[in-house]
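Architecture at a glance
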Amino acid sequence: MTEPLVRRMREFGPTVFATMTKLAVETGSINLGQGFPDTDGPPRMLDRAVEAIRGGLNQYPPGPGVPELRQAVSDHRKQWYGLAYDPDGEVLVTVGATEAIAAAVLAVCEPGDEVIVFEPFYDSYTAAVALAGAVRRPVTLRVDAGRFTFDPAELAAAAGPRTRAVLVNSPHNPTGTVFTREELEAIARLCRERDLVAITDEVYEHLVFDDAEHIPLATLPGMRERTIMISSAGKSFSVTGWKTGWVCAPEPLLRAVQTVKQFLTFTSSAPWQLAVAYALREETAWVAGQRAGLQAKRDRLVAGLEEAGFGVLRPAGTYFVQTDIRPLGFDDGLDLAMRLPELAGVVAIPTQVFYDHPSRGRHYLRFAFCKRDEVIEEAVARLRSLRRD
C-alpha cells in the first residue's frame, strides 16, 4: 500500500505535548510541559454543567451554539472591549479555539494562499495552514529588552501577492509575550494596506500580569471588519478539557467560518455551553483571583528557575515561562528535554519545535506554571541539580 496519509500532512506526527506528557507518565516526572492546570474552575460553574446534564440537555444544541452562550459572549466583548457583535449572526460557538482556528483558515484560504504566522507558533497553526493547502510565512519573534517582539520591516516583507491572512496570538504561546499597542498597530497597518484577514487567537486574554494590557486587534481602526476574533473558556476558567470556544466576526466572515465548522463537528456540548454562559456573566471575580494566583505562581517558578541557573524571560501573560539553557552548559533544547526526566525528574517543552527555523529557538525550553504551588516547589527543587557552580 502507498503512504495512506496525504502529502500535505506528512510533516506532522504526534504533537510534542502528547510526546512529552507520555514521557512524564513513563518516568514519573513532574509535568511542567503541557499547559493544563491541575485544579478545577469555579465550583458553581461546574455545578451548572452537572445540572444541565441531569436536566436532560444531552442532545444536539443549535449549530451556531446555544443562545445563552452566544449572548453572553456578545455581552462580554462589549463589556471588556467595547466591541458590539450580534449574537445571532456574528458569534459562533466552537469545539475549543483549536477548531475555530482550523475552520477560520480553511474558510478564507484557497490552496496556494499564504498565511503569516509569528514563530515560535502554537503547533496547530501550521497543521491548519497545511490542511487548507496554504503556505505559511513565518515572522520570527526575537528577544529584545527582555521580551519577545518582532521587526515591523520583517512583517511587511513577509506579505506577498498570495498573502491572504495573518494569524495573531496575543497573549502569545509559547513565549508569554503580550503584544503592545505599537506592535498591534504595525499588524493592523499591514492588514489594511494589503487587504488581509486577521485571525486572532486570544485564549489567554484574561491571563495577563503586572502592567501588561491585552488589546484585541479588532479594536484598532479599520480592523473589526477584517478580524476573526477567537477565544475560549478553557484557560480563563481552568477547564481546558471542556473544549468550548467561540468566534466573533462580521457576518460575512462568520458565515464563511460556520460553513466550514458545520462539517467538522457541527456543534459542541450543550451542558458545557450553558455552564460557560453562566461563568462569563457571574464568575469574573473568580477569574481575577485566578490571574493573581497565576502571577504568584509565575514569580515562584521564575525565581526557582533562576536559582537553578537558567536564563529566564519573565512572561507578561499565559501559563508559560521561556528559559535559555545556555547558562547551564546546554545548547540543544530538544536533547535536554528528552534527558531532563533522567537528570532532574521534570518534563518541559523544547521551544525549537515551534519554529520553521528551529535553530532560532534551539536554546530555549518552555515550562508551565499553571500547577499547584507544591508541584512547582518540588519541580524547582529537582531542577537545582542542574546548576553549574
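See the structure printed just above.
Let me begin by describing the structure that accompanies this report. (Residues numbered from 1 in each chain as written. Predicted model: local features only at pLDDT ≥ 70, side-chain atom pairs only at ≥ 80, totals over all residues. Heavy atoms only, no water.)

**Considerations on the overall build of the protein chain**
Put simply, the rule reads: A run of H or I in DSSP counts as a helix once it spans at least four residues, and a run of E counts as a strand once it spans at least two, with each numbered from the N terminus. A 1.4 Å probe rolled over the protein chains alone gives each residue an accessible area, and that area as a share of the maximum for its type sets the label: buried under 20%, exposed over 50%, partly exposed in between. Working definition of accessibility: Shrake-Rupley area with a 1.4 Å probe, residue cover restricted to the visible protein chains. Counted charges follow a simple rule, with Lys and Arg positive, Asp and Glu negative, and His plus the chain ends left uncounted. By convention, charge coordinates are those of NZ in Lys, CZ in Arg, CG in Asp, or CD in Glu.
When helices and strands are tallied, the protein chain shows 12 helices and 15 strands. On the principal axes, the C-alpha backbone points of the protein chain span a range of 60 × 55 × 55 Å. Expressed as a percentage of its 389 residues, the buried residues of the protein chain come to 57%. Split by element, the accessible area of the protein chain, about 16,000 Å² in all, is 51% carbon and sulfur. Here the protein chain holds 43 positive side-chain charges and 50 negative ones, and the gap between their average locations is 2 Å.

**Topic: the side chain of Thr 267**
Heads up, the condition is: Any pair of nitrogen or oxygen atoms within 3.5 Å is treated as a polar contact; in protein, a donor-acceptor pairing is required on top of that, and neighbouring residues in sequence qualify only through side-chain atoms on both sides.
Tracing the backbone through its elements, the reader meets Thr 267 in the loop between helix H8 (251-261) and helix H9 (270-282). Residue Thr 267 is classed as buried on the basis of its relative accessible area, which comes to 11%. A distance of 3.1 Å separates a polar atom in the side chain of Thr 267 from the backbone oxygen of Pro 62.

**Describing the pattern of salt bridges**
Put simply, the rule reads: Put simply, a salt bridge is a Lys or Arg side-chain nitrogen that is within 4 Å of an Asp or Glu carboxyl oxygen.
Using the criterion set out here, one finds 31 salt bridges in the structure. In this structure, Lys 22 engages Glu 26 in a salt bridge whose closest nitrogen and oxygen atoms are separated by 2.4 Å. Linking Lys 22 with Glu 26, this pair stays in helix H1 (residues 16-27), spanning 4 residues, or about one helical turn. Under the relative-accessibility criterion, Lys 22 is labelled exposed at 51%. Between Asp 75 and Arg 281 there is a salt bridge; the shortest N-O distance is 2.8 Å. Taken together, the residues span a long stretch of sequence, with Asp 75 in helix H3 (residues 67-81) and Arg 281 in helix H9 at a distance of 206 residues. Given a relative accessible area of 42%, Arg 281 falls into the partly exposed group. Salt bridges sharing common partners tie together Arg 44, Asp 47, Arg 48 and Glu 51.

**Brief notes about unusual backbone geometry**
A negative phi angle is the norm for most residues apart from glycine, just as the trans form is the norm for most peptide bonds. Along the chain, Ser 170 connects to Pro 171 via a cis peptide bond; the corresponding omega equals -5°. For Pro 171, the location among the structural elements is in the loop between strand S7 (163-169) and helix H7 (181-194). Each neighbour pair has its own omega, and for Asn 173 with Pro 174 the value is 25°, a cis peptide bond. Position of Pro 174 among the secondary structure elements: in the loop between S7 and H7. The phi dihedral of Ala 145 is positive, around 55°, even though this residue is not glycine. Summarising the element assignment, Ala 145 is placed in the loop between strand S5 (142-144) and strand S6 (147-149). Even without being a glycine, Phe 266 presents a positive backbone phi close to 65°. For Phe 266, the location among the structural elements is in the loop between H8 and H9.

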